[in-house]
Amino acid sequence: MKTAVITGASSGIGEGCARLLARSGWKVFLMARRRERLENIAREINGHAIILDVTKAQEVEIGLVTHCDLLVNCAGGALGLDAVRQANADDWTSMFNTNVLGTLRMTQLLLPRLIASQGCIINITSTAALGGYEGGGGYCAAKSAQRALTQSLRLEMKGVPVRITEVLPGMVHTPEFSLNRFCGDAERAKAVYENVDRPLSAEDIAQVVATVAELPAHVNVDEIVVRPVAQRAQHALFRGSLGWREAPPVAHSPVNEGER
Ligand code: NDP
């Protein structure tokens, strides 16, 4: 049985990855800060919850992870949509801490085990890492930095059989991402996805993660940009019906339904 560590597993994409990998036979360690949510999900999938903050994680907290084949650095997110001229520096610090330094910290902690297992690291960055957009200064900067970290690490692992992949999702409709971005303003969060005909779901990204992780050990997918068909580019989002003939995929878990 292979072992996966997934940060940000109490919600959204991380939760989707944990559920899908567990269904596919992986032993899963789920990590995040909110105890009750994380423990409930872990119980449902026979996984192991480790309550931690990726920005402060220490070896003693991950002692239970004696072996690791896959690290998915998913903890992160966006705060605010302010123009640079009026941006909140505390929000930028927080985004940088979670998305970049959290990825750094978890990678440093688990790298020895990943080298021992000839394993795989998958960092969830964003299409925001590919260029700026209005109001995205802080998030784009943080995701670009997380992307740069991933690229440097891959090169530094020259001669070491560890795979390093960056997954860059476009619009993924998860229950909390936009809610957090807009400080709990549900109307504003809802408007992000209004009339978008099938944004990506957490499970879509989980399928990409699982596919990459289960490739043969010598196959390194460097990076994958994944967008919904409705979003041809960051600024080319189509709102309206796409006239799909196929029924939408059946969700395996509440993460796709926003049921909680
Ligand atoms: P969610 O807000 O649903 O999930 C974020 C997760 O990160 C939660 O489980 C949260 O758990 C965890 N987290 C946040 N801060 C910390 C911390 N300091 N320590 C430990 N865990 C933390 O967002 P998504 O699932 O939508 O996003 C997941 C990742 O994908 C993020 O990195 C995001 O930037 C990226 N992404 C999302 C896109 C989208 O459209 N949704 C698009 C592109 C990329 P807890 O609060 O319990 O700690």
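What comes next concerns the included structure.

The rules behind the values
Residues numbered from 1 in each chain as written. Predicted model: local features only at pLDDT ≥ 70, side-chain atom pairs only at ≥ 80, totals over all residues. Heavy atoms only, no water. Pairing = 2+ DSSP bridges. Helix = DSSP H or I, 4+ residues; strand = E, 2+ residues; numbered from the N terminus. Axes fitted to C-alpha atoms, helices over the stretch in contact; angles between N-to-C directions. Contact = heavy atoms within 4.5 Å. Disulfide = S-S within 2.5 Å. Buried < 20%, exposed > 50% of the residue type's maximum accessible area, 1.4 Å probe, protein only. 1 Å grid on protein atoms, 1.4 Å probe; cavity = no way out; pocket = protein on both sides within 12 Å on 5 of 7 lines; lining within 4 Å. Points joined across faces, edges and corners; volume = space filled by probe spheres on them. Nonpolar A, V, L, I, M, F, W, Y, C, P; charged D, E, K, R; others polar.

## Details of the sheet that holds strand β2 (residues 27–32)
Within a sheet, adjacent strands bond to each other through the backbone by hydrogen bonds, running parallel or antiparallel. Spatially, β3-β2-β1-β4-β5-β6-β7 is the arrangement adopted by the 7 strands of the open sheet, whose pairing is parallel. Single-partner strands in this sheet number two, and they are β3 (48–51) and β7 (223–226). Pairs of neighbouring strands in the sheet enclose a mean axial angle of 15°, with direction left out of account. As defined by bridge partners, strand β4 (residues 70–73) adjoins strand β5 (residues 120–124) across 4 bridges and the pair is classed as parallel. Counterpart to N73 in the pairing with β5 is N123. Along the sheet, helix α3 (residues 89–117) contacts β1 (3–7), β2, β4 and β5; its crossing angle with β4, the most-contacted strand, is approximately 175°. Packing against the sheet, helix α4 (residues 137–156) makes contact with β4, β5, β6 (163–169) and β7, and its axis sits at approximately 160° to β6.

## A word on the state of the cysteines
Evaluated as defined, the whole model comprises 0 disulfides. Not engaged in a disulfide, the cysteine C74 finds its nearest cysteine sulfur in C17; these two sulfurs lie 5.6 Å apart. For C74, a relative accessible area of 13% translates into the label buried.

## Description of empty space enclosed by the protein
Within this structure, the stated rule accounts for 1 cavity of 30 Å³ or more. Taken together, 13 residues form the lining of the largest cavity, with L79, G80, D82, W92 and M95 sitting closest to its centre. When residues of the lining of the largest cavity are traced back to their parent elements, those giving at least two are α3 and α4. For the lining of the largest cavity, the residue count by class is 5 nonpolar, 5 polar and 3 charged.

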